[in-house]
Amino acid sequence: MALVSAGFTAVLFLASCAAVQSGADILAGTGQISESDRQSIAKTSQAVSATFSQITEEQEYYIGRSVAALILAQYPAYDNAALNTYINTLGQAIVYSSDRPEIYAGYHFLVLDTEEVNALSAPGGFIFISKGLIRRCKNEEMLASILAHEVGHVCSKHGLQAIKKSRLVDAFRVIGTEAARRYGSEEVAQLTTAFEGALGDVFETLVVRGYDRKYEHEADDLAVKFDVAVGYAPKGLTDFLQTMIGDSTTASGKGWFKTHPSAEQRMDKVKSRIAALSSVPAEASVRTKRFEQSVTALK
Amino acid sequence: MKRPIPLTMTVSLLILIVSLLVAETLTVKVQSTSLRNTPKFYAPAVQSLSAGEKVEKISAQGGWIQVRTSGGVVGWVHSSAVEVPKFDLLASNKGLKTQASASEVALAGKGFNKQVEESYRAKHKDVSFAWVDRMLQIKIAAALVEEFMKKGKLGEFGGGQ
Ligand SMILES: [Zn+2]
């Protein structure tokens, strides 16, 4: 009964969008309105349904898989089972205390075989951290803070927000017209074009352009929040940023330095965020010890 | 003269009534999750649940929901693993429609799915998914995460808040 009702509402909604749109198509066809008018009417009629928040968990996963594949085409994976297990165990501990611990296929972490200082997260929980970045961490708190920052990007769907609205409008148009799960070749071609566009938007943002600064500061806020929730000293983040200030590779303008606000800018905000907390967990030597053991392969 | 009740009002009213009746039914929206016997990720699993399965809400506690499966099994799931019906009694008519159209359940398997990935891969044979699939194979058992937290004095075993 509930399903029928929800389905009925959805059909009504989609039908009304489709009606406005086909009306606009007809008018454009007869030359009564211009092509740009037709497009803007089409966009407006679909606008309500075309936001990143309407990308389902499953679609987020499929976008993430391909973005991850593109990242791995750029940077090779570091095939070290012991180190990847350590990173994943630490990562899961953070995920458990995060805002969105359960996502479609879970969170997965992988070390990238590059000296470049970088950490990236594709939608759907594919999180990467470079050897170069791990090498600059001195303890588990610093590493945890970087991973928590990346988990924060995934929790808040920052990657999905990089997707241009036009891709979603195109995709939702096909989704709205096709009832079947298995698409015909024309629908697949249309969806694939929108998919390629969406991947390009996310990849470009992650690897080349960087997110909007407000998302980076939000991810830093979340890193502090998750650190404290799981029991890590949030000064791991400021300690890491401090090592980045004056790091000679900063000038290289690669990786994190290209896509993230400067360490100085981030430092100020993170410090005031931490100062506002009533109590914060302390560092523990037992964690520093196991960190040192876990990363020996890199030293 | 008797004025007919507008169709939209009738529909809204119907949705309202139905949503009141079904407000406690949740749908699993992740590929798979566990029904746990206490509200913790490393609590023993009672049974596994997969995408699309429906469960009835019993109670809630700090991000966790106690549920009953169709088979009558009771346990805890994290709220991020299930779709909670979003029908809001105070929402506008437009809001109701928008939320209904965004349902994970209604869109399951649609849009960017396996078929679209296959089509993308056929066009971009140079893009390898081998490591993506290997990454997905890295699964850390909750018991190992618990041990890691215990040894590292994290969470409830240390300074977690
Ligand atoms: Zn970031």
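See the structure printed just above.
These remarks concern the structure in this document. (Residues numbered from 1 in each chain as written. Chains lettered and ligands numbered in written order. Predicted model: local features only at pLDDT ≥ 70, side-chain atom pairs only at ≥ 80, totals over all residues. Heavy atoms only, no water.)

Another aspect to go through is the overall build of chain A. What chain A contains, in helices and strands, is 13 helices and three strands. Residues counted as buried form 59% of the 299 residues belonging to chain A. Put simply, of all contacts in chain A between residues at least 6 apart along the chain, 74% involve residues at least 24 apart. By element, 55% of the accessible surface of chain A is carried by carbon and sulfur atoms, the whole surface being about 11,600 Å². (Helix = DSSP H or I, 4+ residues; strand = E, 2+ residues; numbered from the N terminus. Buried < 20%, exposed > 50% of the residue type's maximum accessible area, 1.4 Å probe, protein only. Contact = heavy atoms within 4.5 Å. Areas by Shrake-Rupley, 256 points an atom, 1.4 Å probe, with all protein chains shown as cover.)

Counted under the stated rule, the structure contains 12 aromatic pairs over all chains. The cationic tip of R290(A) hangs over the ring face of F148(B); the distance from NZ or CZ to the ring centre is 3.5 Å. Cation over ring: R134(B) sits above W131(B), and NZ or CZ is 3.9 Å from the ring centre. (Phe/Tyr/Trp six-rings, centres within 6.5 Å; stacked < 30°, edge-to-face > 60°. Lys NZ or Arg CZ within 6 Å of the ring centre and 35° of its normal.)

It is worth spelling out the layout of surface pockets at this point. In this model, the second largest pocket occupies a volume close to 630 Å³. Lining the second largest pocket are 23 residues, and of these E102(A), A105(A), G106(A), S32(B) and K139(B) sit closest to its centre. Elements with a minimum of two residues in the lining of the second largest pocket: α4 (81-96) of chain A together with β2 (32-36) and α5 (130-137) of chain B. No other element matches the four residues that β2(B) contributes to the lining of the second largest pocket. Considering only residue class, the lining of the second largest pocket consists of 12 nonpolar, eight polar and three charged. (1 Å grid on protein atoms, 1.4 Å probe; cavity = no way out; pocket = protein on both sides within 12 Å on 5 of 7 lines; lining within 4 Å. Points joined across faces, edges and corners; volume = space filled by probe spheres on them. Nonpolar A, V, L, I, M, F, W, Y, C, P; charged D, E, K, R; others polar.)

Residues and elements named next belong to chain A. Distances from the zinc ion to its protein donors, namely H149 (NE2), H153 (NE2), E216 (OE) and H260 (NE2), fall within the range 2.1 Å. Taken together, the four donor atoms coordinating the zinc ion and their angles of 85 to 161° define a geometry best described as irregular. Here the donor residues of the zinc ion are spaced in sequence according to H-x3-H-x62-E-x43-H. Residue H149 and its partner H153 are both found in helix α6 (residues 140-155); the two are separated by four residues, about one turn of the helix. For the pair shown, H149 and H153 are each scored as buried. (Donors = N, O, S within 2.8 Å, 3.2 Å for Na, K, Ca; no water. Tetrahedral: all angles 85-135°; square planar, octahedral: opposite > 155°, others 65-115°.)

Our next topic: the sheet that holds strand β1 (residues 108-112) of chain A. Residue and element names in this part refer to chain A. Read from one edge to the other, the open sheet built from three strands follows the order β1-β3-β2, with strand pairing classed as mixed. Taken across any chain shown, the strands that pair with only one partner, and hence form the sheet edges, are β1 and β2 (119-122). On average, adjacent strands in this sheet sit at an angle of 20° to one another, irrespective of strand direction. Contacts from α4 reach β1 and β3 (126-130), with the element oriented near 140° to β1. (Pairing = 2+ DSSP bridges. Axes fitted to C-alpha atoms, helices over the stretch in contact; angles between N-to-C directions.)

What follows is about the interface of chain A and chain B. Taken together, the contacts link 76 residues of chain A with 66 residues of chain B. Both faces considered, chain A and chain B share a buried interface measuring about 6,500 Å² in area, 67% of it formed by carbon and sulfur atoms. Looking at the side of chain A facing chain B, the largest losses of area belong to R65(A), Y96(A) and E102(A), adding up to 12% of the total buried there. At the junction of chain A and chain B, the tally comes to six salt bridges. (Buried area = accessible area lost by both parts, 1.4 Å probe. Salt bridge = Lys/Arg side-chain N within 4 Å of Asp/Glu carboxyl O.)

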